[in-house]
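Structural overview for review
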Amino acid sequence: MAIQWFPGHMHLTRKAIGERIKDIDVVIEMLDARLPGSSANPMLAELIGGKPGLKILSKQDLADPAQTAAWLAHYNAMPGVSALGLDTSMTQPAKALIDACRQLAPNRGGMVKPMRVLICGIPNVGKSTLINTLKGKRAAKTGDEAGVTKLEQRITLADDFYLYDTPGVLWPRIIVAQSGYNLAASGAIGVNAFDEEVVALELLNYLIPNYPQAITDRYKVKDVANHTDETLLESIARQRGAIQSGGRVNTTKAAEIVIHDFRSAALGRLTLETPAEFAAWLAEGKKADAERAVRKAGLAQAKKAGRPPAA
């Protein structure tokens, strides 16, 4: 199942980012520390061109600390890019953010050449919460569902430091299948765009080999390694009393429980991808996308020539 979600207002956001980027010195992209690769917007990479970039791994208090360190090292090794982790425990996020941006654009600053920074991110990545923290008040509306912020706004963090906020935006087509599942599990995709049971099964499929103890601790299921994602979901349903009439397990209810427990960190601090894993998924996705383009071109050519497409 391919998960896709690109509401109409995201087209407007993409256009607005394209216009605003011309006057921007540094671009901040907020990523979910639990899925840094999947939450990085490839469309944004095309829009910003060679602008310096700051990657902020938000919600790092919900992610596996060892994997967060690996992802920070991965991004910090890129030219023209800096990365830092962020969570609710940071007492001076504004200072860390401003300092990092000034290092990326040392020639900007002062009233003559104020620093102009654009902050972007996928829906529900914690961007509005960060802005409220930076301002010390509710400067931006927040929520626990995708698509809360709808308008661009400018926030002055210092006399010569302007931060432009944009609505959360995804990209028109997700070519990495696992990214779609991970984004759905995190809450970045609208609930009507995916099947919760399928997403929960994909989530469990990753957790079984990587975080078996977290499953045992939370659901009291033993011998996790001997389970498939389906048998594990059924066991969780029984453990949590998700039973329908006739003694049948309610896997839909169990799926809701698993996804909620991941989002709330009731399962512990988990990360759903490593840099190497995501690189492999991306390569596979690009290959499949290229093959799809070839098939599409062949169909279009056959239709134009008035002959049946090749088998």
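Conventions and cut-offs
Residues numbered from 1 in each chain as written. Predicted model: local features only at pLDDT ≥ 70, side-chain atom pairs only at ≥ 80, totals over all residues. Heavy atoms only, no water. Helix = DSSP H or I, 4+ residues; strand = E, 2+ residues; numbered from the N terminus. Buried < 20%, exposed > 50% of the residue type's maximum accessible area, 1.4 Å probe, protein only. Contact = heavy atoms within 4.5 Å. Areas by Shrake-Rupley, 256 points an atom, 1.4 Å probe, with all protein chains shown as cover. Pairing = 2+ DSSP bridges. Axes fitted to C-alpha atoms, helices over the stretch in contact; angles between N-to-C directions. Salt bridge = Lys/Arg side-chain N within 4 Å of Asp/Glu carboxyl O. Expected span 1.5 Å × (residues − 1). Polar contact = N/O pair within 3.5 Å; in protein donor to acceptor, adjacent residues only side chain to side chain. Phe/Tyr/Trp six-rings, centres within 6.5 Å; stacked < 30°, edge-to-face > 60°. Lys NZ or Arg CZ within 6 Å of the ring centre and 35° of its normal. pLDDT = per-residue confidence, 0-100. Core = buried A, V, L, I, M, F, W, Y, C linked by side-chain atoms within 4.5 Å.

Helix and strand counts for the protein stand at eleven helices and six strands. Scored against the burial criterion, the 311 residues of the protein give a buried share of 47%. Taking the contacts inside the protein whose residues are at least 6 apart along the sequence as the reference set, 69% of them involve residues at least 24 apart. When the accessible area of the protein is evaluated, it comes to approximately 15,300 Å², of which 52% is carbon and sulfur surface.

It is worth spelling out the sheet that holds strand β2 (residues 53-58) at this point. Here we have six strands laid out as an open sheet, ordered β3-β2-β1-β4-β6-β5, and mixed in their pairing. Looking along the sheet, the strands with just one partner apiece sit at the ends: β3 (81-85) and β5 (153-158). This sheet shows a mean twist of 25 degrees between the axes of neighbouring strands, independent of strand direction. Where β5 lies against strand β6 (residues 161-165), five bridges are found, and the strand directions are antiparallel. For Ile155, the partnering residue across the bridge sits in β6 and is Leu163.

This paragraph deals with helix α9 (residues 229-239). Buried residues of α9: Asp229, Leu232, Leu233, Ser235, Ile236 and Ala237, and no others. In this structure, the buried residues of α9 make contact with α7 (196-210), α8 (212-219) and α10 (251-263). After α9 finishes, the residue Gly241 shows a positive phi value of roughly 75 degrees.

What follows deals with the pattern of salt bridges. Using the criterion set out here, one finds nine salt bridges in the structure. Asp25 is paired through a salt bridge with Arg116; the nearest N and O atoms lie 3.0 Å apart. Here Asp25 is found in the loop between α1 (8-20) and β1 (26-32), whereas its partner Arg116 is found in strand β4 (residues 115-121), with 91 residues between them in sequence. Exposure remark for Arg116: the relative accessible area of 23% places this residue in the partly exposed category. Across the pair Lys253 and Glu256 runs a salt bridge, and its minimum N-O distance is 4.0 Å. A residue pair is termed a helical-turn pair when its members lie 3 or 4 positions apart in one helix, as Lys253 and Glu256 do in helix α10 at three residues. For Glu256, a relative accessible area of 32% gives the class partly exposed. One network of salt bridges, with partners in common, ties together Asp25, Arg108 and Arg116.

This part is about α10. Between its first and last C-alpha atoms α10 spans 18 Å; for 13 residues at 1.5 Å apiece the expected length is 18 Å, and the two agree. Among the residues of α10, Thr251, Ala254, Ala255, Ile257, Val258, Ile259, Asp261 and Phe262 are the ones counted as buried. Here the buried face of α10 lies against α6 (177-186), α7, α8 and α9. N-capping of α10 is provided by Asn250, with a side-chain oxygen placed 3.2 Å from the backbone N of Thr252.

Before going further, it helps to spend a moment on the packing of aromatic side chains. Counted by the stated rule, this structure contains one aromatic pair. The ring of Tyr164 has Arg20 lying over it, and the distance from NZ or CZ to the ring centre is 4.2 Å. The ring of Tyr162 has Arg154 sitting right over it, with the charged end atom 4.1 Å from the ring centre.

If you trace the backbone, Ile21 turns up in the loop between α1 and β1. Its relative accessible area of 6% is what places Ile21 among the buried residues. Sequence separation between Ile21 and Leu118 is 97 residues; the distance between their C-alpha atoms is 7.5 Å.

Attention now moves to the confidence of the model for the protein. Mean pLDDT for the protein: 86, with 88% of residues reaching 70 or above. The low-confidence segment residues 138-150, where pLDDT is below 50, has 34 contacts with residues more than four positions distant or belonging to other chains.

Turning to its location among the elements, Val27 is positioned in strand β1. Judged by relative accessible area, which is 3%, Val27 ranks as buried.

For Asp165, the location among the structural elements is in strand β6. Classification of Asp165 by relative accessible area gives buried; the value is 0%.

The next subject is the environment of Ile98. Among the structural elements, Ile98 can be located in helix α4 (residues 93-104). Each C-alpha atom of the pair Ile98 and Met115 lies 9.2 Å from the other, and the pair is 17 residues apart in sequence. With near-sequence residues (within four places) excluded, Ile98 lies in contact with Leu157 and Phe161.

Moving on to the nonpolar core. Membership of the largest hydrophobic core comes to 65 residues, with the highest contact counts inside it found for Ile28, Ile56, Leu97 and Leu163. In terms of residue count, the dominant contributor to this core is α7 (eight residues). Ignoring any residue separated from it by four or fewer positions in sequence, one finds Ile28 in contact with Leu54, Ile56, Leu97, Cys101, Val117, Leu118, Ile119, Cys120 and Leu163.

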